[in-house]
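Okay, here's what each chain looks like letter by letter:
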Amino acid sequence: MKKTILTGLRPTGNLHLGHLFGAGQNYIKLQDDYDFYLEIADVQALTDNFNNPEKVRKNVTEITIDLLSIGLDPNKVNFFIQSKIPEIAELTVFYSNLVTVARLERNPTVKTEIAQKKELFGNNGESITYGFLGYPVSQAADITTFDGEVVPVGEDQLPLLEQCREIVRKFNSIYGETLKEPNAILSDAKRVKGLDGNDKMGKSLGNAIFLNDTEETIKKKIMAAVTDPEKIKKDDPANPEVCMVYYYHNLVNTKENKEKVCSECKKGSRGCVQCKKELIEAMNDFLKPIKEKRSYYENHPEEVKEILDNGTKKAQEKAKEQMKKVKKAMMIDY
Ligand code: TRP
């Protein structure tokens, strides 16, 4: 029997290189060996986008297409939409008795996010909604609805996993051994830096190259990328280690070209403009197969819908079984 993987993504925007080299490539490796459930977490996305339903709706399809384009195989991965699994919402209500408000307020991930969302939740989080504060409970329901044993997540999500494990233990201690305690595996062991040199590429940081960026956009972004500030003239020798252009050459270019870029940069026999032009070309070549797949799915929306429908159907079956067990344990199986 294969172990079950459950992970989720908030449909709030397209995927970028950070997602690809972090989570995406890891998912591709895992899809062969696990029973893989991939949740498009529209309900969770609404917790901080409740005033922007169009954005969430549009990105359910967009993010599914992104994931298919990078090589996730719909025959191996069950893509499903969170809101189509009402058991998750039901479980969230049951679990909410097992978590204190103080514990949620202490959750480091939630704290960071509240601080980032001043417009929505106030300068000191005084306008925090019940729904947002409680989304870790709903995420625990996401995971346990599917008996997720392995949960690939980024480092920032570890406190949510810990919170889920606590809920599971509390549930089992009160209602009897029913739920499995999930284990996190880090899916972003490889963190990708931003065009601005920031340690993390992020949608909200404005320093990302998206998988569906046009050639024109990629050109503009790369021409503006941060290089060694000590290099003033074209033939100054420079340090590739502090240059984002070299950093991306390293990610997407061939071994031979990477070495050439590195040694010429150190010698001062390569100007930054030339180097950026070569990177633009390498980046376009690298993204080409992904974009080709994307364009296939964009032209076959019925296929995308079918993939989501099939995955969601499987998820619904699994959720129904799990709900029976939970209700029995809680003595609400009338
Ligand atoms: N909170 C995750 C994020 O922001 C998305 C998510 C939703 C998730 N449900 C999940 C991750 C279940 C792991 C397991 O990226």
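All values reported here derive from a predicted model rather than from experimental measurement.

1. Some points on the domain arrangement of the protein
1) Next: When the domains of the protein are assigned, the result is domain 1 (4-192 + 301-329) and domain 2 (215-294).
2) Next: The centre of domain 1, based on its C-alpha atoms, is set 36 Å off from the matching centre of domain 2.
3) Next: Taken together, the contact pairs 14 residues of domain 1 with 10 residues of domain 2.
4) Next: Here domain 1 and domain 2 share an interface that buries about 890 Å² over both sides, 67% of which is from carbon and sulfur atoms.
5) Next: For the domain 1 face of the interface with domain 2, the top three residues by lost area are Leu17, Phe21 and Ser69, together amounting to 48%.
6) Next: Applying the counting criterion to the domain 1 and domain 2 interface returns two salt bridges.
7) Next: Here Asp66 makes a salt bridge to Arg294, at a shortest N to O gap of 2.8 Å.
8) Next: Listing elements by their share of the side of domain 1 that touches domain 2, those giving two or more residues are helix H1 (17-30) and helix H3 (53-69).
9) Next: In terms of residue class, the side of domain 1 that touches domain 2 is built from seven nonpolar, three polar and four charged.

2. Digging into the nonpolar core
Soluble, globular proteins show a tendency: their nonpolar side chains are buried together.
1) Next: Ranked by internal contacts, the top residues of the largest apolar core, which has 53 residues, are Leu17, Leu38, Leu67, Phe79, Tyr248 and Met283.
2) Next: With eight residues, the single largest contributor to this core is helix H14 (residues 272-299).
3) Next: When residues of this core are sorted by domain, at least three fall in each of domain 1 (4-192 + 301-329) and domain 2 (215-294).
4) Next: Filtering out sequence-adjacent residues up to four positions away, Tyr248 remains in contact with Val192, Lys193, Gly194, Leu195, Met201, Asn253, Leu279 and Met283.
5) Next: Formed by 37 residues, the second largest nonpolar core is a distinct cluster that contains Tyr95, Ile143, Leu161 and Phe171.

3. A look at the site of the ligand
1) Next: The environment of the ligand is made up of 13 residues, and the closest members are Arg10, Gln44, Gln139, Asp142 and Gln157.
2) Next: Here a nitrogen atom of the ligand and a side-chain polar atom of Gln139 are 2.8 Å apart.
3) Next: Asp142 has a polar side-chain atom sitting 2.8 Å from a nitrogen atom of the ligand.
4) Next: Surface burial for the ligand is 88%, taken as the share of its 370 Å² of free accessible area covered by protein chains.
5) Next: Those elements giving two or more residues to the shell around the ligand turn out to be strand E1 (4-9), helix H9 (135-145) and strand E4 (150-153).
6) Next: Residue composition of the shell around the ligand, grouped by class: five nonpolar, five polar and three charged.

4. So, the pattern of salt bridges
1) Next: Counted by the stated rule, this structure contains 22 salt bridges.
2) Next: The salt bridge involving Glu298 is made with Arg294; its shortest N-O contact spans 2.6 Å. Here Glu298 and its partner Arg294 are both found in helix H14, four residues apart, which amounts to about one turn of the helix.
3) Next: By sharing partners, the salt bridges in this structure join Arg10, Asp48, Glu113 and Lys117 into a single network.

5. Digging into the packing of H3 against H14
1) Next: Interaxial distance between H3 and H14 falls to 8 Å at its minimum, and their mutual angle equals 135°. With respect to their mutual orientation, H3 and H14 come out oblique. Read as a crossing pair, H3 and H14 show a hand that is right-handed. Counting all contacts with H3, which are made through Glu62, Ile65, Asp66, Leu68 and Ser69, the residues of H14 involved are Ile290, Lys293, Arg294, Tyr297 and Glu298.

6. Regarding the packing of helix H4 (residues 86-95) against H9
1) Next: Here H4 crosses H9 at 120°, and the two axes come no closer than 8 Å. Taken together, H4 and H9 sit at an angle that is classed as oblique. The chirality of how H4 crosses H9 is right-handed. Listed contacts from H9 to Ile88, Leu91, Thr92 and Tyr95 of H4 are Val137, Ser138, Ala140, Ala141, Asp142, Thr144 and Thr145.
2) Next: For the contact of H4 with H9, the per-class residue count stands at six nonpolar, four polar and one charged.

7. Things to note about a negative patch on the surface
1) Next: A surface patch of negative charge is lined by Glu215, Glu216, Glu281 and Asp285.
2) Next: Residue assignment for the negative patch shows that the elements contributing at least two residues are helix H11 (215-223) and H14.
3) Next: Summarising the element assignment, Glu281 is placed in helix H14.

8. Some points on the environment of Ala115
1) Next: Positionally, Ala115 belongs in helix H6 (residues 108-116).
2) Next: For the pair Ala115 and Gly125, spaced 10 residues apart in the sequence, the C-alpha separation amounts to 6.9 Å.

The rules we used
- Residues numbered from 1 in each chain as written.
- Predicted model: local features only at pLDDT ≥ 70, side-chain atom pairs only at ≥ 80, totals over all residues.
- Heavy atoms only, no water.
- Domains from an automatic or database assignment.
- Contact = heavy atoms within 4.5 Å.
- Buried area = accessible area lost by both parts, 1.4 Å probe.
- Salt bridge = Lys/Arg side-chain N within 4 Å of Asp/Glu carboxyl O.
- Helix = DSSP H or I, 4+ residues; strand = E, 2+ residues; numbered from the N terminus.
- Nonpolar A, V, L, I, M, F, W, Y, C, P; charged D, E, K, R; others polar.
- Core = buried A, V, L, I, M, F, W, Y, C linked by side-chain atoms within 4.5 Å.
- Buried < 20%, exposed > 50% of the residue type's maximum accessible area, 1.4 Å probe, protein only.
- Near = heavy atom within 4 Å.
- Polar contact = N/O pair within 3.5 Å; in protein donor to acceptor, adjacent residues only side chain to side chain.
- Areas by Shrake-Rupley, 256 points an atom, 1.4 Å probe, with all protein chains shown as cover.
- Axes fitted to C-alpha atoms, helices over the stretch in contact; angles between N-to-C directions.
- Parallel < 35°, antiparallel > 145°, perpendicular 65-115°, else oblique.
- Left-handed = near helix turned anticlockwise from the far one by under 90°.
- Patch = residues over 30% accessible without salt bridge, like charges linked within 9 Å, V, L, I, M, F, W, Y side chains within 5 Å.
- Lys, Arg positive; Asp, Glu negative; His and termini not counted.
- Charge placed at Lys NZ, Arg CZ, Asp CG, Glu CD.

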